[in-house]
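Overview (structure and organization)
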Amino acid sequence: MRKKDTDTKSGHDCDPVQSSQRPRTSVLLLVGVCALHLAIWLYLLQEIFEGKKWPTFILFALAVACLAWCVLFVWKENKKARSERAKENAAHAQQLQQLRDMFHSLSCARNREQLLERILEYLKNTIPNSACAVYFITNDQNRILNLNRLTCYEPKNLPVPDRVAVIDVVNQKIPFTTCLENGLRTRLLSTLSGRLQSVGAVDLYKPEGFSPDEFELFQSLIDYASTLWALYESLATWEEEAFIDPLTGLGNRRYIMRRLQEENERIKRYGGNACLAMGDMGNLKHVNDDYGHTKGDEVLARAAATIQKSLRVTDVVGRYGGDEFVLLLPNIIKSDANMVVDRVNAALKNLRIQSDDADPESPPIEVVMDFGIALFPGDAPTLMDIINQADEVMYANKTARKEEMEEKYCAQH
């Protein structure tokens, strides 16, 4: 950047205070002229009564003409002042409409990615012959990430900014800076702030320079966009707290129920099917009793990570409650769902968790998981009812596994 200009003062060329004082000046001028004419008329009346009529009438006519001219002058000044006020009001109304359009455009964004796209799109459509980009900086401060390539607008005529200037703006060392070329403000670079810290920089370039109204509009957009970004950050945090289980990092029961409802609506509209597998960790109580709840939490967390790694990208897994997990498997039949469950059980069987972290020779904890599978729409009318069906199958499998273990124990003894 050639030259930095940190002067943020801007405004209209027309001074509203000065224009509002013009009618007052005109009125004072009219009062002064009227007082002068009153003095002249008194003098003329005195001359009339003394018998000097001819020169008196000439002076009287000139006084009347002068008064008419003053009245016309004051009327024109007032008309000019009203016209200027009308132009100012029209300019203010246009600014308010631009702000309204900006607020509406940015407020329609549902997340931070859409907010970035709407910032760039709005600046492109509102400020002609301009190019805009949003920059983020990696943690190592070594390179600038131009997120504008992820949006619908590619600024081919946007010059590469000074890396140091962008880093200073992002780090809020210089919250706002401009670039002057031939006396024109051709580049605007401002910090995009989040809830706790700055998140990037918005770069706007216009070769022929920005008008005062465009400058103020850019500042207003950045302020409002920063407020929305902070709001979306808070919403993301609240959503994570509301739908994510803090121990396992999986979706919680609320999240699972919402995903089931979405999948249920999708199948009703477009057809298809889905399987739901309900899983129960059969030996978690013994782990808690023998090794403590801290070790039990570790077993839950590592088992959850293992299950998630064993599924497809389109599959959903969540912690339903306690030691129960729900696996939502879209577009799959029961035989394939059984293969998925077998793959999960094989991964859990290979999971090695030391019972005593201080003793490497301590026996590993075996993770035992019982599953029940149900098919929608074959086994129940809705995916919500599928949960009960899968739960019944899971407890039947759990009971069968325990009976088999008891039979093996009795046979050995």
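Residues numbered from 1 in each chain as written. Predicted model: local features only at pLDDT ≥ 70, side-chain atom pairs only at ≥ 80, totals over all residues. Heavy atoms only, no water.

A short note on the overall build of the protein chain
Basically, it comes down to this: Put simply, DSSP marks the helices as runs of H or I at least four residues long and the strands as runs of E at least two long, and each gets a number from the N terminus on. Each residue's exposure class comes from its accessible area (1.4 Å probe, protein chains only) as a fraction of the maximum for that residue type: buried when under 20%, exposed when over 50%, partly exposed otherwise. Note on contacts: a residue pair is in contact if any heavy atoms of the two residues lie within 4.5 Å. The protein chains shown are the only cover counted for residues, whose accessible areas, like all others here, come from Shrake-Rupley with a 1.4 Å probe.
Within the protein chain, the secondary structure is distributed over ten helices and twelve strands. The proportion of buried residues among the 413 residues of the protein chain is 40%. Counting contacts in the protein chain only where the partners sit at least 6 residues apart, residues at least 24 apart contribute 64% of the total. Carbon and sulfur atoms form 54% of the exposed surface of the protein chain, whose accessible area is close to 24,100 Å².

Here's the deal with the packing of aromatic side chains
To be explicit about the condition: Each pair of aromatic rings taken from Phe, Tyr and Trp, with Trp reduced to its six-membered ring, is defined by centres within 6.5 Å and is described as stacked if the planes are under 30 degrees apart, edge-to-face if over 60, and tilted in the remaining cases. The rule is short: NZ of Lys or CZ of Arg within 6 Å of the ring centre and within 35 degrees of the ring normal puts a charge over the ring.
Applying the stated criterion across every chain, the model contains zero aromatic pairs. Across from the ring centre of Phe-243, 4.2 Å away, lies the NZ or CZ of Arg-258, which sits over that ring.

Considerations on helix α8 (residues 293-309)
Here is the rule: By this rule, a helix spans an expected 1.5 Å times one less than how many residues it contains.
Here α8 contains 17 residues, and its C-alpha end-to-end distance of 24 Å stays within 8% of the 24 Å for a straight helix at 1.5 Å per residue. Listed in full, the buried residues belonging to α8 are Lys-295, Gly-296, Val-299, Leu-300, Ala-303, Ala-304, Thr-306 and Ile-307.

Quick word on the sheet that holds strand β12 (residues 369-376)
Rule in force here: Criterion used throughout: strands pair if DSSP finds at least two bridges between them. Fitted lines through C-alpha atoms serve as axes, helices being fitted only where they are in contact, and the angles separating the N-to-C directions of these axes extend from 0 to 180 degrees.
Spatially, four strands are ordered β8-β9-β7-β12 in an open sheet, and the strand pairing comes out antiparallel. Every interior strand has two partners, whereas the edge strands, β8 (316-321) and β12, have only one. Each strand of the sheet is rotated relative to its neighbour by a mean of 20°, with strand direction disregarded. Bridge count between strand β7 (residues 274-281) and β12: eight bridges; the pairing is antiparallel. Looking at β12, one finds that Met-278 is bridged to Gly-372. Across the sheet, α8 lies against β7, β8, β9 (324-330) and β12, angled at about 10° from β9, the strand it touches most. The sheet contacts of helix α9 (residues 334-349) involve β7, β9 and β12, and relative to β12 the element is tilted by about 160°.

Overview of the pairing of β9
Counting buried positions along β9 gives seven out of seven residues, so the element sits mostly inside the fold. Every second residue of β9 is oriented toward a common face, with Glu-324, Val-326, Leu-328 and Pro-330 on one face and Phe-325, Leu-327 and Leu-329 on the other, all of them buried. Examined bridge by bridge, β7 and β9 share seven bridges and lie antiparallel to one another. Looking at the pairing, Met-278 lines up with Val-326 of β9. A loop of two residues connects β8 with β9, the two strands running antiparallel in sequence, and Gly-322 in this loop sits at a positive phi of about 65°.

Some words on the confidence of the model for the protein chain
Filter applied, for reference: Confidence scores here are pLDDT values: one per residue, from the predictor, ranging 0 to 100.
On average, the protein chain scores 77 in pLDDT, and the residues at 70 or more come to 73%. Confidence scores differ between elements of the protein chain, with strand β1 (residues 4-5) showing the lowest mean pLDDT of 42 and β9 the highest of 92. Note on residues 149-155: pLDDT is under 50 here. Beyond four places in sequence and across chains, it has 13 contacts.

Remarks on the pairing of β7
It is a general feature of regular strands that their side chains alternate between the two faces of the sheet. Among the eight residues in β7, eight count as buried, and that is most of the element. Neither face of β7 is left uncovered, since the one carrying Ala-274, Leu-276, Met-278 and Asp-280 and the one carrying Cys-275, Ala-277, Gly-279 and Met-281 both have all their residues buried.

Side note on the packing of helix α3 (residues 112-126) against helix α5 (residues 212-243)
Basically, it comes down to this: For classification purposes, angles smaller than 35 degrees are called roughly parallel, those larger than 145 roughly antiparallel, those between 65 and 115 roughly perpendicular, and all remaining angles oblique. Crossing handedness follows the turn of the near helix against the far one: under a right angle anticlockwise gives a left-handed crossing, and clockwise gives a right-handed one. Throughout, the ten residues Ala, Val, Leu, Ile, Met, Phe, Trp, Tyr, Cys and Pro are labelled nonpolar, Asp, Glu, Lys and Arg are labelled charged, and all others, Gly among them, are labelled polar.
Viewed as axis vectors pointing N to C, α3 and α5 meet at an angle of 170°, and their least axial separation amounts to 10 Å. Considering their axes alone, α3 and α5 lie roughly antiparallel with respect to each other. By crossing handedness, the relation of α3 to α5 is classed as right-handed. Of the residues in α5, those in contact with Arg-112, Leu-115, Leu-116, Ile-119, Tyr-122, Leu-123 and Thr-126 of α3 are Leu-217, Phe-218, Leu-221, Ala-225, Leu-228, Trp-229, Tyr-232, Glu-233 and Ala-236. Taken together, the residues of the contact of α3 with α5 break down into 13 nonpolar, one polar and two charged.

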